[in-house]
Amino acid sequence: MRMRKKKNGAKRIEACSDIFIKEPEKNKGKWKEFSDFKEISIEIGCGKGRFILENAKRNPDKLYIGFEKVPDVIVLAMEKIKNEEIKNVFFICDDASRLCEIFDENEIDEIYLNFSDPWPKKRHAKRRLTFISFLEIYKKIIKDGGKIFFKTDNRDLFDFSLEQFEKAEIEVSDVCFDLHNSEYEKDNIHTEYEDNFSAKGFSINRLVGTVKKNVSDKEV
Ligand SMILES: C[S@@+](CC[C@H](N)C(=O)[O-])C[C@H]1O[C@@H](n2cnc3c(N)ncnc32)[C@H](O)[C@@H]1O
């Protein structure tokens, strides 16, 4: 997502300091104590925050963490949450490659990947958030039985992702190539990108991955 640099960006982030976690590594292994919530969901690449806001409103008993690498974007998401006085959302500005430094094994219940950057060139495949090296990271931090929800308008990325989930041995279900005309639409929360691409005539692909851990992967 390319954006013009926000005026007063640092000041605006500072104004959201109560929901912005500056040193997230310090909470590694302690996120449930930190938050007092029993379940934790992360949205990776949360963008401007419409999805996380609505998800948090629908599920006030869960903690939501908006994870986004671009400061000028995350500030917009944080301001949305502050305006609505939502209490179950926090934000981390970092790169998804560092998730294992921030979250311990099995600490997370769900991950959402909404309209991740497609990186269409083959030589950039490793940057896709559904590349196997990212899926292996998610597998570590997600608990046994935890879910990864992925949706995208980009059919090539979707087909690539189906292969990567299979390689990573993450069970895939609820695959759908036209989300807005499917049984899943009634609970679907539209993101900013989703409305944009859908208005241009793209159909939306969606899958759910379930992480099943071998006994050797589980904490004893
Ligand atoms: C195409 S936008 C989609 C935004 C939002 N999810 C939506 O559907 O409207 C992808 C977002 O993912 C973020 N992003 C991409 N790679 C990332 C990474 N490795 N770690 C964290 N955020 C990332 C980008 O900065 C961008 O805001």
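The structure under discussion appears in the preceding block.
In every chain, residue numbers begin from 1 and rise along the written sequence. Two thresholds apply to this predicted model, a pLDDT of at least 70 for residue-level local features and 80 or more for giving and counting side-chain atom pairs, whereas whole-chain, interface and lining totals are computed over all residues. Note: side-chain values were computed over all heavy atoms of the structure, leaving out hydrogens and water.

Caption draft 1: Spatial organisation of the overall build of the protein chain. Numbering of helices and strands runs from the N terminus, with a helix taken as a DSSP run of H or I at least four residues long and a strand as a DSSP run of E at least two residues long. Helix and strand counts for the protein chain stand at eight helices and seven strands. Using C-alpha atoms as the atom set, the radius of gyration is obtained and then compared with a globule rule of 2.2 Å times the number of residues to the power 0.38. Taking 2.2 N^0.38 as the reference for a compact globule, 220 residues should give roughly 17 Å; the C-alpha atoms of the protein chain span a radius of gyration of 17 Å, in line with that estimate. Think of it in three bands: with a 1.4 Å probe and only protein chains considered, a residue is buried below 20% of the maximum accessible area for its type, exposed above 50%, and partly exposed in between. Within the protein chain, the proportion of its 220 residues that are buried is 48%. In this tally Asp and Glu are treated as negative and Lys and Arg as positive; neither His nor the chain ends contributes. For charged residues, the charge sits on one atom: NZ in Lys, CZ in Arg, CG in Asp, CD in Glu. Charge separation in the protein chain, taken as the distance between the mean sites of 42 positive and 43 negative side-chain charges, equals 5 Å.

Caption draft 2: Structural detail: the pairing of strand β5 (residues 142–152). A pair of strands counts as paired when DSSP detects no fewer than two bridges linking them. Across six bridges, the pairing between strand β4 (residues 108–114) and β5 is parallel. Note on β5: the bridge partner recorded for Glu-110 is Lys-147. A right-handed crossover is one whose linking path, passing over the helix from the first strand to the second, runs clockwise when the strands point away from the viewer. Crossover connection from β4 via helix α6 (residues 132–141) to parallel β5: handedness right-handed. Note that β5 and strand β7 (residues 205–210) share six bridges and pair antiparallel. Along β7, the bridge assignment pairs Ile-148 with Gly-209.

Caption draft 3: The site of the ligand, seen in detail. We call a residue near a given molecule or strand whenever any one of its heavy atoms falls within 4 Å of it. Around the ligand, 17 residues are found, and the nearest of them are Gly-45, Glu-68, Ala-96, Asn-114 and Thr-191. Between Lys-69 and the ligand, the recorded distance is 3.3 Å, taken from a backbone N or O atom to a nitrogen atom. Where accessible areas are quoted, they stem from the Shrake-Rupley method and a 1.4 Å probe; at the residue level, only the protein chains shown are allowed to cover. Bound to the protein, the ligand loses 97% of the 600 Å² it would expose on its own. Residues that form the shell around the ligand fall into these classes: six nonpolar, four polar and seven charged. Here a polar contact is taken to be a pair of N or O atoms separated by no more than 3.5 Å, where protein atoms must pair a possible hydrogen donor with a possible acceptor and residues adjacent in sequence count only if both atoms sit in side chains. Any residue that is not Ala, Val, Leu, Ile, Met, Phe, Trp, Tyr, Cys, Pro, Asp, Glu, Lys or Arg is counted as polar, Gly included; the first ten are nonpolar and the last four charged.

Caption draft 4: Broad picture of the nonpolar core. Judged by nonpolar contacts, the single largest core of 55 residues is most densely connected at Phe-91, Leu-99, Phe-103 and Tyr-138. Here this core takes six residues from helix α4 (residues 71–84), the largest share from any one element. By definition in these notes, contact holds between two residues if any of their heavy atoms fall within 4.5 Å. For Leu-99, the residues in contact, after removing those within four places along its chain, are Ile-42, Ile-44, Phe-67, Ile-137, Tyr-138 and Ile-141. Of all hydrophobic cores here, the second largest spans five residues; its members include Phe-51, Tyr-112, Phe-149 and Val-208. For our purposes a nonpolar core is just a set of buried Ala, Val, Leu, Ile, Met, Phe, Trp, Tyr and Cys residues, chained together by side-chain atoms within 4.5 Å.

Caption draft 5: Inspection of the side chain of Glu-194 at higher detail. Residue placement: Glu-194 occurs in helix α8 (residues 192–199). Beyond its immediate sequence surroundings of up to four residues, Glu-194 is in contact with Phe-115, Lys-151, Leu-179, His-180, Asn-188, Ile-189 and Ile-204.

Caption draft 6: Broad picture of the pairing of strand β2 (residues 62–68). Across the seven residues of β2, seven count as buried, placing the element largely inside the fold. By the alternation rule, side chains of β2 split into Lys-62, Tyr-64, Gly-66 and Glu-68 and Leu-63, Ile-65 and Phe-67, which are all buried. Bridge count between strand β1 (residues 39–44) and β2: six bridges; the pairing is parallel. Bridged to Ile-40 within β2 is Leu-63. For the segment spanning β1, helix α3 (residues 50–58) and β2, crossover handedness is right-handed.

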